[in-house]
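Residue-level listing of the chains:
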Amino acid sequence: MKNIKQRKKRRYTSTEEKGNVSLKKGAKIDINDLHEKLGHPAEEMVKLTGIYMKLSIRGKMDNCENCAIGKMRQKNVKKGPKEKSSKLGFCFHINIALSKFTSAGGSKYWFLAVDEATHVKCSLFLKQKNDVKEKFIPFLKEFQDTYGRHVHHIRCDNAGENQALENACIDKELGIVFEYTAP
Ligand SMILES: [Zn+2]
């Protein structure tokens, strides 16, 4: 027990209040499990909580789909009257984030697209942000051909790679309207 770093006592009110995490002192837990149990706080918070609860945290924090979707929702919320679509494939929210891991193939970026109405997801790993057009357009086409669903809107921030994706969609005459939100 000597090895456990002594930290100044601090209050972790928000996580303590979750209450339903019943883990014994010294229990081994995967960091991703703990992240989920605590209600998806940031990595730093998970680690601090682990120390505070005297847990033995294992593994590395992975990309969390729930967190990414949550962030996307916050970011892409339109101001003004809400018209949420309920038809499959009507509106995809897309986001590219720097992945915490580089895959064996050298992919560094994590791309996630979520359909607003159905939460159908498309998760891709990219070497470069600009690869999004080569990888995502086949998905959009397949989605259209297989399910007969037309994607009408894509909501994303106005980063260069998203604008390049829009241009590629125009080239392919996919008829998708891009709605840009502030990054
Ligand atoms: Zn999470």
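Please refer to the structure higher up on the page.
Residues numbered from 1 in each chain as written. Predicted model: local features only at pLDDT ≥ 70, side-chain atom pairs only at ≥ 80, totals over all residues.

> Account for the overall build of the protein chain, with residues named and values stated.
The number of helices and strands found in the protein chain is 6 helices and 7 strands. Each helix and strand of the protein chain, placed in order from N terminus to C terminus, yields the pattern α-β-α-α-β-α-β-β-β-α-β-α-β. For the protein chain, the residues scored as buried account for 21% of the 183 residues in total. Intrachain contacts of the protein chain at a sequence separation of at least 6 include 60% that bridge at least 24 residues. (Helix = DSSP H or I, 4+ residues; strand = E, 2+ residues; numbered from the N terminus. Buried ≥ 20, exposed ≤ 12 C-beta atoms within 10 Å, placed from the backbone. Contact = placed C-beta atoms within 7 Å.)

> Pulling in residues and values, what's your account of the pairing of strand β3 (residues 91–98)?
Most of β3 is tucked away: 6 of the 8 residues are buried. The sheet contact formed by β3 and strand β6 (residues 153–157) spans 3 bridges and is parallel. Counterpart to Cys91 in the pairing with β6 is His153. (Pairing = 2+ DSSP bridges.)

> Give me the pairing of strand β4 (residues 109–115): which residues, what numbers.
The element β4 is extensively covered by neighbouring structure, given that 6 of its 7 residues are classed as buried. Pairing between β3 and β4: 7 bridges, direction antiparallel. Bridge pairing in β4 links Ala97 to Trp110. Two strands pair when backbone bridges link them, and β4 and strand β5 (residues 121–126) are joined in this way by 6 bridges, in the antiparallel orientation. Paired with Phe111 across the strands is Leu124, a residue of β5. Here β4 folds back onto β5, and the loop between the two strands holds 5 residues, one of which, His119, carries a positive phi near 65°.

> Which residues make up the environment of Thr49, and what are the values?
Here Thr49 is to be found in helix α3 (residues 43–52). Exposure remark for Thr49: the 22 C-beta atoms within 10 Å place this residue in the buried category. In this structure the C-alpha to C-alpha distance between Thr49 and His35, which are 14 residues apart in sequence, comes to 9.7 Å.

> Now, about the packing of helix α5 (residues 132–147) against helix α6 (residues 160–171): what can you tell me, with residues and values included?
Packing of α5 against α6 brings their axes to within 9 Å, and their N-to-C directions diverge by 50°. With respect to α6, the element α5 is oriented oblique. For the pair α5 and α6, the crossing hand works out as right-handed. For the pair formed by α5 and α6, the contact residues are Val132, Lys133, Phe136 and Ile137 on the first element and Glu161, Ala164, Leu165, Ala168 and Cys169 on the second. (Axes fitted to C-alpha atoms, helices over the stretch in contact; angles between N-to-C directions. Parallel < 35°, antiparallel > 145°, perpendicular 65-115°, else oblique. Left-handed = near helix turned anticlockwise from the far one by under 90°.)

> I'd like a description of α6, backed by residues and values.
Its 12 residues place the ends of α6 17 Å apart at the C-alpha level, agreeing with the 16 Å of an ideal helix rising 1.5 Å per residue. Among all positions of α6, only Glu161, Asn162, Leu165 and Cys169 are buried. Buried residues along α6 cover an arc of 100° about the axis, so they all sit on one side. In α6, those exposed residues whose orientation departs by more than 90 degrees from the buried face are Gly160, Asn167, Ile170 and Asp171. At its buried positions, α6 is contacted by β3, α5 and β6. Phi for Glu173, located one or two positions after α6, is positive at around 55°. (Expected span 1.5 Å × (residues − 1). Arc of directions from axis to C-beta.)

> Pulling in residues and values, what's your account of the sheet that holds β5?
Taking strand neighbours across the sheet as the criterion, the 5 strands line up as β5-β4-β3-β6-β7 in an open arrangement whose pairing is mixed. Every other strand in the sheet has two partners, leaving β5 and β7 (177–181) as the edge strands with one partner each. Adjacent strand axes in the sheet meet at a mean angle of 20°, parallel and antiparallel pairs treated alike.

> Requested: an account of the nonpolar core, with residues and values cited.
Among the nonpolar cores identified, the biggest contains 21 residues, and Phe92, Phe111, Ala113, Val132, Phe136, Val151 and Ile154 are the most heavily contacted of them. Contributions of two or more residues to this core are made by β3, β4, α5, β6 and α6. Among the elements that line this core, the one with the most residues is β4, at 5 residues. Ranked by size, the runner-up nonpolar core spans 5 residues in total, among them Val46, Met53, Leu55 and Ile57. (Core = buried A, V, L, I, M, F, W, Y, C linked by C-beta atoms within 7 Å.)

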